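One letter stands for each residue in the lines below.
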Amino acid sequence: MNENERARLLEKVMLEYGDQLARLAYSYVKEEEIAKDIVQNTFFKCYSKITSFRHESTLKTWLYRITINECKDYLKSWAYKRSRMMEIYQGNRSSAMSSEEEALKKWEMGRVKSSIFTLPPKYREIIFLYYYDEMTMEEIAELLGVPISTVKSRITRGRERLKQEVERREIYEQ
Amino acid sequence: MNNKEKDTFFEGFDRVEFSADDRKKVFEKLHTRKNKKFSFFRFKPVVLTSFLGVATVFLLMVLLSFPSEEKQDNLNSASTKHIQTGVLLVTDENFRASLNIVYSYNTNLKTLNVLSVPRDLYVPIFNGEGKEIGRDKMLHAYAYGGQEGVKKTLLNFFQIRDDAFSVLTEDEFTKFIDQIGGITMESGGKVLGGEEVLTSLSIRDLLTENEEKEHYELLSAVLGVMSEEPIELDVLEGIPEAVEINTINIAEKASAEKMEGIYYYKLEGEELEEVKSSLKQ
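Starting from 1, residues in each chain are numbered consecutively following that chain's sequence as written. All chains are assigned letters beginning with A, and all ligands numbers beginning with 1, in the order in which they are written. Only residues with pLDDT of at least 70 get local features here, since the model is predicted, and only at 80 or more are side-chain atom pairs given and counted; chain-wide, interface and lining totals rely on the full set of residues. Note that water and hydrogens are dropped before the side-chain values are worked out from all heavy atoms of the structure.

Turning to the overall build of chain A, a few remarks are in order. Secondary structure elements follow DSSP: runs of H or I of four or more residues count as helices, runs of E of two or more count as strands, with numbering from the N terminus. Along chain A, the regular secondary structure elements total eight helices and zero strands. Helices (α) and strands (β) of chain A occur, in sequence order from the N terminus, as α-α-α-α-α-α-α-α. To sort residues, take the accessible area from a 1.4 Å probe on protein chains only and compare it with the maximum for the residue type: under 20% means buried, over 50% means exposed, and anything in between is partly exposed. Split into buried and exposed, the 174 residues of chain A put 47% on the buried side. Between two residues, a contact is recorded if the distance between any of their heavy atoms is within 4.5 Å. The long-range share in chain A, meaning contacts at least 24 apart out of those at least 6 apart in sequence, stands at 60%. Carbon and sulfur atoms form 49% of the exposed surface of chain A, whose accessible area is close to 9300 Å². Areas reported here follow the Shrake-Rupley algorithm with a probe of radius 1.4 Å; residue values treat only the protein chains shown as occluding.

Here is the structure:
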């Protein structure tokens, strides 16, 4: 396959999976621009491997895995920690809250609309993949390398937590 | 979950799109990378200096009409055959190198000859200053002389030049493998993550033929992706993509020996010469 054909194939893959991956990354990093940067890196890495995927399912799993790894790396990175520190210095927070507590507060105040961000990451990723991306429990278990029983319990618990938050918000708004 | 719930939970997600502009940025990055891509003839200045040094020494030797010595022959054949030799280490936190790789790259044939040195190989150990300080297992070279010591020990034992030297920590190595989505094994199609790859490569105690085969299959796959992947890893400099990898199997050449209750592998005589010559092809 020559370079032009490879580039056309990459364009096709980006059209097909770009939005899905950007939303997946967004569910982790909560910032649209950072999410898109991460997905650009995923496709950048994909270019040299693009011809080696025989089945579409393997390509999709690979793209998802790379994006998730990149997001987790970003959340552990110095850049992320520094941006969080800046937020503290700028007085956005009055006390030391966790990222989820902060999301909850913003969400209650109506500044952030989607309640998924109030969940801790381990529930958030599974709830996103199951309800938003409509992946099956088996697919999620394979993608994240966790037992299917864990996927099931996290879906149940994550959903319960989300419902509680919605109820709390309704009370708060009254 | 009903639609109303879904809308509340994921409000704003549909708005996030990977736009034409984002796709364009990917191609721009690829374009930049291609222009930056290392070509074999664009060595680091230090490597170029060593090449110039080698060439000067060789010229002096010819001019002064020294008798033909083995070392001269080596340099001669190496420079005419365009052989680039190097060392790649993966080090752990306990002052040990889990992987000691020696390789030679032939620019004419575009072949990469790779030797993974067993940790139990009995070798003369050199310190960082290049002084021989005794004989021991390859495994202990790092503790005696650090990275420099390991390098000098390997360069001396296999009589190769120091054209390229790279070191990765175990963390960097496993992270790299994970970042690229693991290594897919040719036999069986199993995907191994960073930790699994490192563990598999580190188990190399018996030197049976089968173990050697599996070790080199995995190692070749790793080296293959290292030369192909766009991730900046700073190893295998000068080795282009799509290179043919030949492995140097020493299972049948090394012999096990017990000295003062400790097992070592010994590689000497003709067998050692064979390995050395594989690194000059």
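There is more to say, and it comes next.
Tracing the backbone shows F18 of chain B in the loop between helix 1 (3-9) and helix 2 (20-36). Overall, F18 of chain B belongs to the buried group, its relative accessible area being 3%. The contacts of F18 of chain B, once residues within four sequence positions are left out, are M14, G18, D19, A22, K36, V39, Q40 and F43 of chain A together with R23 and V26 of chain B.

Residues and elements named next belong to chain B. Along helix 9 (residues 269-278), the positions that sit buried rather than exposed are L272, V275, K276 and S278. Axial view of helix 9: buried residues confined to an arc of 160 degrees, hence all on one face. Among the structural elements, strand 2 (97-106), strand 3 (111-116) and helix 5 (141-158) are those in contact with the buried residues of helix 9. This arc is built from the directions going out from the helix axis to the C-beta atoms.

Residue and element names in this part refer to chain B. To get an axis, a line is fitted to the C-alpha atoms, and for a helix only the part in contact is used. The angle between two axes follows their N-to-C directions and goes from 0 to 180 degrees. Between helix 7 (residues 194-202) and helix 8 (residues 209-228), the shortest axis-to-axis distance is 9 Å and the interhelical angle comes to 135 degrees. The orientation of helix 7 with respect to helix 8, classified from their angle, is oblique. Crossing angle aside, the handedness with which helix 7 passes helix 8 is left-handed. Taking contact as the criterion, the partners of V197, S200 and L201 in helix 7 are, on helix 8, H215, L218, L219 and V222. Under the scheme applied here, ten amino acids are nonpolar (Ala, Val, Leu, Ile, Met, Phe, Trp, Tyr, Cys and Pro), four are charged (Asp, Glu, Lys and Arg), and all others, including Gly, are polar. Residues of the contact of helix 7 with helix 8, tallied by class, amount to five nonpolar, two polar and no charged. Throughout, the term roughly parallel applies to angles under 35 degrees, roughly antiparallel to angles over 145, roughly perpendicular to angles from 65 to 115, and oblique to all others. Crossing handedness is defined as follows: a turn of the near helix away from the far one that is anticlockwise and smaller than a right angle gives a left-handed crossing, while the clockwise case is right-handed.

Pairing of aromatic rings covers Phe, Tyr and Trp, the last through its six-membered ring, and needs centres within 6.5 Å; plane angles under 30 degrees mean stacked, over 60 mean edge-to-face, and all others mean tilted. Within this structure, the stated rule accounts for 13 aromatic pairs over all chains. Between F117 of chain A and F13 of chain B, the aromatic rings sit 5.7 Å apart at their centres with planes inclined by 25 degrees, giving stacked as the arrangement. Here F117 of chain A is found in the loop between helix 5 (99-108) and helix 6 (121-132), whereas its partner F13 of chain B is found in the loop between helix 1 and helix 2 on a different chain. Judged on exposure class, the residue F117 of chain A and its partner F13 of chain B are both buried. Residues Y130 of chain A and Y131 of chain A carry aromatic rings whose centres are separated by 4.9 Å and whose planes lie at 80 degrees to one another, so their mutual orientation is edge-to-face. Assessed through its relative accessible area of 13%, Y131 of chain A is described here as buried.

The next thing to look at is the interface of chain B and chain A. Residue-level contacts link 33 residues of chain B with 42 residues of chain A. Once two parts are put together, the accessible area they lose, assessed with a 1.4 Å probe and summed over both, is termed the buried area. Taking both sides of the interface into account, the surface hidden between chain B and chain A amounts to around 3800 Å²; carbon and sulfur atoms contribute 60%. If you sort the residues of chain B by the area they bury against chain A, F9, F13 and F18 of chain B come out on top, with a joint share of 19%. In what follows, salt bridge is the name for a side-chain nitrogen of Lys or Arg lying within 4 Å of a carboxyl oxygen of Asp or Glu. One can count three salt bridges joining chain B with chain A. Between R15 of chain B and E32 of chain A there is a salt bridge, with the nearest N and O atoms lying 3.5 Å from each other. Here a polar contact means two N or O atoms within 3.5 Å. Within protein one must be a hydrogen donor candidate and the other an acceptor candidate, and residues neighboring in sequence count only if both atoms are side-chain atoms. Here chain B and chain A share 15 residue pairs in polar contact (both at pLDDT 80 or more) between them. When residues of the side of chain B that touches chain A are traced back to their parent elements, those giving at least two are helix 1, helix 2 and helix 6 (170-179) of chain B.

Residue and element names in this part refer to chain B. For K110, which is not glycine, the phi dihedral falls at a positive 55 degrees. Structurally, the position occupied by K110 is in the loop between strand 2 and strand 3. Under the relative-accessibility criterion, K110 is labelled partly exposed at 43%. For Q159, which is not a glycine, the phi torsion comes out positive at approximately 50 degrees. Within the element layout of this structure, Q159 appears in the loop between helix 5 and strand 6 (164-169).

By themselves, these figures tell us nothing about what the structure is for.
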